[in-house]
Amino acid sequence: MLTKIIDNARIEAIKALIQQANNIVITCHISPDGDAIGSTLGLYWYLKEIGKESHIIVPNMYPNFLEWIDGSNNILVYETQTEEAKQLIVDSDLIFCLDYNDLARVNRVQDAITESKAKRILIDHHLNPNIECEVQISHPEASATCELIYRIIDALGDTEQITKSCAEALYAGLMTDTGNFSYNSQNPDLYIIVSELLKKGINKDEIYNKVYNVYSEHRLRMIGYCLHKKMRIYPEQRTAVIALSKEECERFHYIKGDTEGLVNMPLQIKEIDVSVFLRQDDNKIKISFRSQGEVHVNKMAEEFKGGGHKNAAGGESYHSLPVTLRRVESVIKRRAEFDFNNKPQHNTTNQAN
Ligand code: 5GP
Ligand code: MN
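Computed from a prediction, not measured in an experiment: that's the story for all the values here.

## Quick look at the site of ligand 1
Ligand 1 sits among 14 residues. The nearest are His126, Lys286, Ser288, Arg290 and Ala313. One of the side-chain N or O atoms of Arg290 is found 2.8 Å from an oxygen atom in ligand 1. Contact distances for ligand 1 include 3.2 Å between a nitrogen atom and a backbone N or O atom of Gly307. Contact with the protein chains removes 81% of the 500 Å² of surface that ligand 1 exposes when unbound. Residue assignment for the shell around ligand 1 shows that the elements contributing at least two residues are strand E10 (285-291), strand E11 (307-308) and strand E12 (312-317). For the shell around ligand 1, the element with the most residues is E12, which contributes 4 residues. Across the shell around ligand 1, the residue classes tally to 2 nonpolar, 9 polar and 3 charged.

## Quick notes on the packing of helix H5 (residues 145-155) against helix H6 (residues 164-177)
Running from N to C, H5 and H6 cross one another at 140 degrees; their axes reach a closest spacing of 7 Å. On the basis of their axis angle, the class for H5 and H6 is oblique. When H5 is examined against H6, the residues Cys146, Glu147, Ile149 and Tyr150 are found in contact with a partner set consisting of Ala169, Leu170, Gly173 and Leu174. Looking at the contact of H5 with H6 residue by residue, the class counts come to 6 nonpolar, 1 polar and 1 charged.

## So, the packing of aromatic side chains
What describes a pair of aromatic rings is the distance from one ring centre to the other and the angle between the planes of the rings. Taken as a whole and assessed by the stated rule, the structure comprises 6 aromatic pairs. Between Phe181 and Tyr191, the aromatic rings sit 5.9 Å apart at their centres with planes inclined by 50 degrees, giving tilted as the arrangement. With a gap of 10 residues between them, Phe181 in the loop between H6 and helix H7 (188-199) and Tyr191 in helix H7 connect regions that are remote in the sequence. Judged by relative accessible area, which is 36%, Tyr191 ranks as partly exposed. Plain terms: the ring middles of Tyr225 and Phe252 are 5.0 Å apart, the flat faces sit at 35 degrees to each other, and that makes the pair tilted. With Tyr225 in helix H9 (residues 217-230) and Phe252 in the loop between helix H10 (246-251) and strand E9 (274-280), this residue pair connects regions lying 27 residues apart in the sequence.

## Some remarks on helix H2 (residues 34-49)
Taking 1.5 Å of rise per residue, the 16 residues of H2 would be expected to cover 22 Å, and the 22 Å separating its terminal C-alpha atoms lies within 8% of that figure. Burial analysis of H2 places 14 of its 16 residues in the buried class, the great majority of the element. After H2 finishes, the residue Gly51 shows a positive phi value of roughly 90 degrees.

## Quick notes on the nonpolar core
Ranked by internal contacts, the top residues of the largest apolar core, which has 60 residues, are Leu41, Phe96, Ile123, Leu174 and Leu197. Residues within four places of Leu197 in sequence aside, it is in contact with Tyr150, Ala167, Leu170, Tyr171, Leu174 and Ile202. Core analysis: the next-biggest nonpolar cluster, separate from the first, contains 20 residues, Val274, Phe289, Phe304 and Ala313 among them.

## Quick look at the pairing of E12
The buried count for E12 comes to 5 of 6 residues, which makes it a mostly enclosed element. Where E10 lies against E12, 6 bridges are found, and the strand directions are antiparallel. Across the sheet, residue Phe289 finds its bridge partner in E12, namely Ala313. Two strands pair when backbone bridges link them, and E11 and E12 are joined in this way by 2 bridges, in the antiparallel orientation. Paired with Gly307 across the bridge in E12 is Gly314.

How each quantity is defined
- Residues numbered from 1 in each chain as written.
- Chains lettered and ligands numbered in written order.
- Predicted model: local features only at pLDDT ≥ 70, side-chain atom pairs only at ≥ 80, totals over all residues.
- Heavy atoms only, no water.
- Near = heavy atom within 4 Å.
- Polar contact = N/O pair within 3.5 Å; in protein donor to acceptor, adjacent residues only side chain to side chain.
- Areas by Shrake-Rupley, 256 points an atom, 1.4 Å probe, with all protein chains shown as cover.
- Helix = DSSP H or I, 4+ residues; strand = E, 2+ residues; numbered from the N terminus.
- Nonpolar A, V, L, I, M, F, W, Y, C, P; charged D, E, K, R; others polar.
- Axes fitted to C-alpha atoms, helices over the stretch in contact; angles between N-to-C directions.
- Parallel < 35°, antiparallel > 145°, perpendicular 65-115°, else oblique.
- Contact = heavy atoms within 4.5 Å.
- Phe/Tyr/Trp six-rings, centres within 6.5 Å; stacked < 30°, edge-to-face > 60°.
- Buried < 20%, exposed > 50% of the residue type's maximum accessible area, 1.4 Å probe, protein only.
- Expected span 1.5 Å × (residues − 1).
- Core = buried A, V, L, I, M, F, W, Y, C linked by side-chain atoms within 4.5 Å.
- Pairing = 2+ DSSP bridges.

Following this line, the structure appears as structure tokens:
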């Protein structure tokens, strides 16, 4: 039995909203990750099993390593299928907001959601939810949004309706948002859920291989290049910074998802507990922050119009790469401001994606 964390009133409210709904849309954040795609497809398959059709709309394309998840080929991408996706959102009567806490995180989908008269259900594990909705399920202590989807299905008494496809999707999110159960993965309930998903016939080792062992040669060589040539260590700040220019991305035939996880690697160095990765895209620089322990990188990310969790956050910059690097450098030099090790009054939930 799972520990109850979602109250009955909310579960009843979700049940009623699903029953009343005729046109359901499921959305997730921009640059969807394993938890975003896993939770949307997990919910999609559950709804289908209880007789409710739905449409999944993502702001932009998800990475290739998630395309094995059953149903992913039906996902609508707002960036390229704008008219169809927009119409579905505007005509919908129930919108699920999964794995994001603010409408700014869905990019242009925000306009369609705001225009739509649909009721909204938010299910998320980021701090400080800021979306007007009928039902808000926000649990920053949850390891993944997929965990919350499982808990909701369980609380609805519907675990029988979890098919193998649904279980695979949910497992993918749990696995990726915990770094294959290496962080945010201390709650015993998580393993009850994994156990139940395994009983649905999923092959967890195969899922690991499909997500993590599908690199192209270029991708692995780019990682080697970054670690060998590009990683800069700031010993006093226990910080590593890697910055990759557009030209370098092109040299290694960069495709979406190729730098996923790279930011975590410098944390393998014993003396490093903050890692920053910058990638120059077409029109902006994407900045990823990771930390271990009590350095709150979401606060660092806020200096770059971003945010996130204590140990995993992101932001962006519209300056040149050298200018952005200088700004990053000045922020990490102020590391002590973001380090709550000696500030015990602060709440310390461990968080990733
Ligand atoms: P990543 O570095 O993997 O892109 O993002 C790590 C986490 O940081 C995400 O799960 C998300 O919570 C947060 N994040 C990344 N980019 C942004 C951003 O531009 N704005 C905000 N508010 N959060 C971000
Ligand atoms: Mn997540």
